[in-house]
Amino acid sequence: MPLGSLIHDLWVAGFALQVLLAGVLLAKRAWRKYPLFTAYIFFNLFETAAALSVYRMHAYFYTFWICEAIGIFLGLAVVREIFTNIFAPHPALRKLAILVFRVAVVALVLLACGAIYEQSVSAKTIARVVMVATDGTRIVELGLIMFLFLSSSAFGLHWRQNEFGIALGLGTCAAVELINVTLMTHLSPAAGQIFSVVRSFSFNFSLLIWLGYLLFPERATSSGELPKKAQLEQWNQAVTELINR
Amino acid sequence: MITVIVIALALCAVVLFYMAVRNRRKQAVQSLRPVDLAAFHTLLDRDDELFIKEKLPRSKFVRLKRHRIRVTVRYVARIASNASTVLHESENARLSPTPEVASTAEQVMELAAQIRVQCMLAIFKLSLEYAMPSLQLTPAMLVPTYQTLRENVRRLGDLQTQNAIPLANAI
């Protein structure tokens, strides 16, 4: 199968998955709890439709990169939304988490600036400049998603099924996208088609992750392994005696 | 150089996501594990450590201290894991229509969150002590806080009459 038609087929499959995801979000009234994520998905749907309609035209370049820029900022807003949702019930942790979050943002922006500076030397066309800028923003996006996973793990927070799925899908997509964009600026434009295939695969994979986590109900925490009351009381008594001796 | 860092960051992210999915599956069957606080207290006892330091040659002391630190870390990890389970289990109680249950659940959650932060600090300090055994940075605050958490969880269990197995007994 020629690469061009594979890219096209992946696009069409992605479009179908996005329509399905949009339907699931509407059916579950997800905009009430995740307004930014819903906006992000609907914007992606619009982006795919717009890109498909102007494919192989001169306007495609501008449509693609303008939508890409808006999509990245919406992605960052989704990260903020998940962060707020995770830490909302924990006021004791929120202050510390916000402080660490700000430090992480500064560190990531510095890394992104470094990456942009290093690659700006070879950026001689508009396409390269846009790619370098995308690279920088993707670093911040992926870094913040990693921060979310690391901080929630460190604080021992429980992720709700939907939030975990949203972050996982967004993170997977951002990681592949970052590798893609970073390598693309170093390789020839001919490699672009291969990267487009990888990009489409990863985006469709993220769509499947979102669909999976939204459609399947959360597994309840098993309480079957909790010890019997009498046994617990014995342990507790023994420990208390030892503490108070 | 920065390109290498960026690619490494992306690959680390993929590994992190894989681990997060795996840990989430484990968490679904996670249960509370009791903590022997007295044994934990003994491990944190500085007098005991000083006694061993005086009696043993330096190389043996270092080996023994590192062993004690490894055991202490396991205790801290267990306390952290229990605090995390308490955080999760108390979330539903926080939304209870009974104001007293909701308020106690909030107190429990706040305390559990504090313990999580203290555990992070404790593990950081213990790591430093492991690297430099002559250091003395024992996280002494952890025991009383954990004790308070246990009392608050018991109060929450008493308020929730439908609770067949009080959570406090398990921790």
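Fair warning: this is a prediction, and the values are worked out from it, not measured in the lab.

All right, on to the overall build of chain B then. If you tally the helices and strands in chain B, you get seven helices and zero strands. The N-to-C order of helical and strand elements in chain B reads α-α-α-α-α-α-α. The burial tally for chain B puts 47% of its 171 residues in the buried class. Considering only contacts within chain B whose residues lie at least 6 apart along the sequence, 73% involve residues at least 24 apart. Split by element, the accessible area of chain B, about 9,000 Å² in all, is 60% carbon and sulfur.

For chain A, the helix and strand inventory stands at eight helices and zero strands. Walking chain A from its N terminus toward its C terminus, one meets helices and strands in the order α-α-α-α-α-α-α-α. Counting all 245 residues of chain A, 49% fall into the buried class. For chain A, the exposed area adds up to about 12,100 Å²; of that, 70% sits on carbon and sulfur atoms.

Note on placement: S202 of chain A falls in helix 7 (residues 192-215). The residues touching S202 of chain A, leaving out its near neighbours within four places in the chain, are C173 and V176 of chain A.

Residues and elements named next belong to chain A. Scored by pLDDT, chain A comes out at a mean of 78, with 85% of its residues at no less than 70. The least confident element of chain A is helix 8 (residues 229-244), whose mean pLDDT is 35; the most confident is helix 2 (residues 35-53), at 88. Every residue in residues 222-245 is under pLDDT 50, and counting partners more than four places away or in other chains gives 31 contacts.

All names here are of chain B. On the surface, a nonpolar cluster with roughly 380 Å² of combined accessible area is contributed by L121, F124, L128 and M132. Mapped onto the fold, M132 is located in the loop between helix 5 (99-131) and helix 6 (142-159). The class for M132 is partly exposed, based on a relative accessible area of 43%.

This part covers the nonpolar core. Membership of the largest hydrophobic core comes to 85 residues, with the highest contact counts inside it found for F37, L142, F149 and W210 of chain A. Viewed by domain, this core spans two of them, domain 1 (1-30) and domain 2 (33-159) of chain B, each represented by three or more residues. In terms of nonpolar packing, the next biggest core, distinct from the first, is built from 11 residues, V54, Y60, F64 and F195 of chain A among them.

Let us now look at the pattern of salt bridges. According to the stated counting rule, one finds eight salt bridges over all chains in the structure shown. Across the pair E68 of chain A and R199 of chain A runs a salt bridge, and its minimum N-O distance is 2.8 Å. Of this pair, E68 of chain A sits in helix 3 (residues 59-87) while R199 of chain A sits in helix 7, and the two are 131 residues apart along the sequence. Residue E68 of chain A is classed as buried on the basis of its relative accessible area of 5%. Relative accessible area serves as the criterion here: at 23%, R199 of chain A is assigned to the partly exposed category. Between D48 of chain B and R68 of chain B there is a salt bridge, with its nearest N and O atoms 3.1 Å apart. Taken together, the residues span a long stretch of sequence, with D48 of chain B in helix 3 (residues 46-55) and R68 of chain B in helix 4 (residues 58-94) at a distance of 20 residues. When salt bridges that share partners are traced, they join E68, R138, E141, E177 and R199 of chain A into one network.

So, about the side chain of E141 of chain A. All names here are of chain A. Considering the arrangement of structural elements, one finds E141 in helix 5 (residues 126-154). Residue class for E141 comes out buried when judged on its relative accessible area of 1%. Ignoring any residue separated from it by four or fewer positions in sequence, one finds E141 in contact with G75, L76, L170 and A174.

This prediction gives chain B a mean pLDDT of 77; 80% of its residues lie at or above 70. The ipTM for the predicted assembly is 0.72, set against a pTM of 0.71.

With that settled, the discussion passes to the packing of helix 2 of chain A against helix 3 of chain A. All names here are of chain A. Across the interface, helix 2 lies against helix 3 with an axial gap of 9 Å and an inter-helix angle of 165°. Taken together, the axes of helix 2 and helix 3 lie roughly antiparallel to each other. Once helix 2 is placed against helix 3, the crossing between them reads as left-handed. For the pair helix 2 and helix 3, contact is made by P35, L36, F37, A39, Y40, F43, F46, E47, A50 and A51 and by Y60, T63, F64, C67, E68, I70, G71, L74, G75, A77, V78 and E81, respectively.

The next subject is the packing of aromatic side chains. Between two aromatic rings, the relevant description is the distance of the centres plus the angle of the planes. Counting across every chain of the model gives 12 aromatic pairs over all chains. Their ring planes at 45° and their centres at 4.9 Å tell us that F83 of chain A and F87 of chain A sit as a pair that is tilted. In this pair, F83 of chain A and F87 of chain A are both assigned in helix 3, four residues apart and thus about one turn of the helix distant. For the pair formed by F83 of chain A and F87 of chain A, the shared burial category is buried. Ring geometry for F149 of chain A versus F17 of chain B: centroids 5.1 Å apart, planes at 55°, classification tilted. You can see F149 of chain A sitting in helix 5 and its partner F17 of chain B sitting in helix 1 (residues 2-27), one on each of two chains. Judged by relative accessible area, F149 of chain A falls into the buried class, the value being 4%. The exposure class assigned to F17 of chain B is buried, which follows from its relative accessible area of 4%. Seen from the ring of Y130 of chain B, R66 of chain B lies directly overhead, with NZ or CZ sitting 5.2 Å from the centre.

Reading the values: the criteria
Residues numbered from 1 in each chain as written. Chains lettered and ligands numbered in written order. Predicted model: local features only at pLDDT ≥ 70, side-chain atom pairs only at ≥ 80, totals over all residues. Heavy atoms only, no water. Helix = DSSP H or I, 4+ residues; strand = E, 2+ residues; numbered from the N terminus. Buried < 20%, exposed > 50% of the residue type's maximum accessible area, 1.4 Å probe, protein only. Contact = heavy atoms within 4.5 Å. Areas by Shrake-Rupley, 256 points an atom, 1.4 Å probe, with all protein chains shown as cover. pLDDT = per-residue confidence, 0-100. Patch = residues over 30% accessible without salt bridge, like charges linked within 9 Å, V, L, I, M, F, W, Y side chains within 5 Å. Salt bridge = Lys/Arg side-chain N within 4 Å of Asp/Glu carboxyl O. Core = buried A, V, L, I, M, F, W, Y, C linked by side-chain atoms within 4.5 Å. Domains from an automatic or database assignment. Axes fitted to C-alpha atoms, helices over the stretch in contact; angles between N-to-C directions. Parallel < 35°, antiparallel > 145°, perpendicular 65-115°, else oblique. Left-handed = near helix turned anticlockwise from the far one by under 90°. Phe/Tyr/Trp six-rings, centres within 6.5 Å; stacked < 30°, edge-to-face > 60°. Lys NZ or Arg CZ within 6 Å of the ring centre and 35° of its normal.

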